[in-house]
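One letter stands for each residue in the lines below.
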Amino acid sequence: MLELTMASVSPENAGATAGMAMADADSAPGAVLRVGRDRTVCRLAPPDDWLFISRTHLEFVCGPDGVWRVTWLLGSHPDPASEVRVRVGMNHHQLAYGGTMALPMGGSGEVIIQDRTSPRSVNVGFYHEM
């Protein structure tokens, strides 16, 4: 099972948890959880006017081996308005635009979507059960 929690953080609410939302899915091959502004396909969505987040920005997919992977989906612009980092423990990894990274089984961490033009971010915490 993969559990996700999302918080939208801006200067006005720094230090507080704002926009908290949760989603989870069993670790069945092909299971999908998406993060983005399009509420028709995304289980977790930031504020509508946060345009540094694509309509469908992140996709978490469970592979045939039961391992969840996160992909930063390519949007309609060649140069994204955000950066994406994955934090596992004390380690931070840049996720390339269009890139994919496996999440550690039995581990937890955070995927951070950082606005390039403002001190706003969407932080998606994850816990990947074994």
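Residues numbered from 1 in each chain as written. Predicted model: local features only at pLDDT ≥ 70, side-chain atom pairs only at ≥ 80, totals over all residues. Heavy atoms only, no water.

Focus on the environment of Leu33
In step 1: Tracing the backbone through its elements, the reader meets Leu33 in strand E3 (residues 32-35).
In step 2: By relative accessible area, which is 1% here, Leu33 ends up buried.
In step 3: Sequence separation of Leu33 and Glu3 is 30 residues, and the distance between their C-alpha atoms is 9.7 Å.
In step 4: Discounting residues that sit within four places of it in the chain, Leu33 has contacts with Leu2, Leu4, Ala23, Asp24, Ala25, Arg43, Leu58, Glu59, Phe60 and Trp68. (Helix = DSSP H or I, 4+ residues; strand = E, 2+ residues; numbered from the N terminus. Buried < 20%, exposed > 50% of the residue type's maximum accessible area, 1.4 Å probe, protein only. Contact = heavy atoms within 4.5 Å.)

Quick look at the nonpolar core
One broad trend across soluble globular proteins is that nonpolar side chains are buried collectively.
In step 1: Counting 28 residues, the largest nonpolar core has Leu58, Phe60 and Val124 as its most contacted members.
In step 2: Elements that contribute at least two residues to this core include exactly strand E1 (2-9), strand E2 (21-25), E3, strand E4 (58-62), strand E5 (68-72), strand E6 (82-88), strand E9 (108-115) and strand E10 (121-128).
In step 3: In this view, Phe60 contacts Leu2, Leu4, Ala31, Val32, Leu33, Val35, Trp68, Arg69, Val70, Leu103, Val111 and Val124; residues no more than four positions away in its chain are not counted. (Core = buried A, V, L, I, M, F, W, Y, C linked by side-chain atoms within 4.5 Å.)

Side note on the environment of Gly125
In step 1: Mapped onto the fold, Gly125 is located in strand E10.
In step 2: Since its relative accessible area comes to 17%, Gly125 is described here as buried.
In step 3: Taking the C-alpha atoms as reference points, Gly125 and Arg87, separated by 38 residues in sequence, lie 9.2 Å from one another.
In step 4: Those residues in contact with Gly125 that lie beyond four places of it in its chain are Glu3, Leu4, Thr5, Gly109 and Glu110.

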